[in-house]
Amino acid sequence: IPICILAAHHNITKLGPASANIETLLAAAQQSDHLDVDVDSMLIRPAMKNKRNTLILHDLPEGVIEEELRGLFADCSELDNLCSVKPDVNHTAYITMQTDDAAQSVA
C-alpha cells in the first residue's frame, strides 16, 4: 500500500498531524518486524512468510477416510509433527504438518 494512502486513512489522521506525517509512518514501518518497506517506491506491505507445510494427496480411492490416511504416516519419523488430515472432494486429501521441514521429509 502506498504510504500516502495510509497517511490519509481515518484511523491514522485521528492520531493527529504528527502521526499522519509520511516520514513518521515510514520510520515506524521500518522498525516493525511485521512490515516490509520499499523506500524507493514508498510502499509498505505485511511481511508474510509462505508456509509450505501442507501435502496434497491426489487420486485417492473413493470413500477413503481419515483413519486410513493417518495409517499412511503411522511408521513415519515425522508422526509427531502431523497436525491434520482432511479428506476432500475429487479424491484428494490435505495433510498439514507443523513445519515446512517436516512436510519436506514426509514428501
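Here's a quick rundown of the structure.

### Re the overall build of the chain
Tallying secondary structure elements over the chain gives five helices and five strands in all. When the elements of the chain are put in sequence order from the N terminus, they spell out α-α-α-β-β-β-α-β-β-α. For 107 residues, the compact-globule estimate of 2.2 N^0.38 gives 13 Å, and the chain exceeds it by more than 25% at 22 Å. When the 107 residues of the chain are sorted by exposure, 26% land in the buried category. Taking contacts inside the chain between residues at least 6 apart in sequence as the whole, the part at least 24 apart equals 39%. With an accessible surface of roughly 7,800 Å², the chain has 52% of that area assigned to carbon and sulfur atoms. Averaging the positions of the 7 positive and the 16 negative side-chain charges in the chain gives two centres separated by 7 Å.

### Brief notes about the environment of His-9
Tracing the backbone shows His-9 in the loop between α1 (3-7) and α2 (10-13). Looking at His-9, the relative accessible area reads 35%, which means it is partly exposed. With eleven residues separating them along the chain, His-9 and Ala-20 place their C-alpha atoms 8.6 Å apart.

### Looking at the sheet that holds strand β3 (residues 54-57)
With antiparallel pairing, three strands are arranged side by side in an open sheet as β3-β5-β4. Bordering the open sheet on either side are β3 and β4 (82-88), each of which pairs with just one other strand. Neighbour-to-neighbour, the strand axes of this sheet turn through a mean angle of 15°, independent of strand direction. Note that β4 and strand β5 (residues 92-97) share six bridges and pair antiparallel. Residue pairing for β5: Ser-84 is matched across the bridge by Thr-96.

### Regarding the pattern of salt bridges
Here the structure, examined in full by the defined rule, presents two salt bridges. Note that Glu-66 is salt-bridged to Arg-70, the shortest N-O span being 3.0 Å. Highlighted residues: Glu-66 and Arg-70, both in helix α4 (residues 66-71), separated by four residues, approximately one helical turn. The exposure class assigned to Glu-66 is partly exposed, which follows from its relative accessible area of 30%.

How each quantity is defined
Residue numbering note: each chain is counted from 1, following its sequence as written. Local features are withheld for residues below a pLDDT of 70 in this predicted model, meaning they are given only at 70 or higher, and side-chain atom pairs are given and counted only at 80 or more; totals for whole chains, interfaces and linings count all residues. For side-chain calculations, the full set of non-hydrogen atoms in the structure is used, while hydrogens and water are omitted. Numbered from the N terminus, helices here are DSSP runs of H or I no shorter than four residues, and strands are runs of E no shorter than two. The quantity called the radius of gyration is restricted to C-alpha atoms. Its globule counterpart is 2.2 Å times the number of residues to the power 0.38. For the exposure calls, accessible area comes from a 1.4 Å probe over protein chains only, and a residue counts as buried if that area is under 20% of its type's maximum, exposed if over 50%, partly exposed in between. What makes two residues a contact is simply this: any of their non-hydrogen atoms within 4.5 Å. Accessible areas in this description were obtained via Shrake-Rupley with a 1.4 Å probe; residue shielding takes into account the shown protein chains only. The charge count includes Lys and Arg as positive and Asp and Glu as negative, but it does not include His or the ends of the chains. We put the charge of a Lys on NZ, of an Arg on CZ, of an Asp on CG and of a Glu on CD. Note: two strands are recorded as paired if DSSP finds a minimum of 2 bridges between them. Axis angles are defined between N-to-C directions and span 0 to 180 degrees, where every axis is a line fitted to C-alpha atoms and, for a helix, only to the segment in contact. A side-chain nitrogen of Lys or Arg and a carboxyl oxygen of Asp or Glu constitute a salt bridge if their distance falls within 4 Å.

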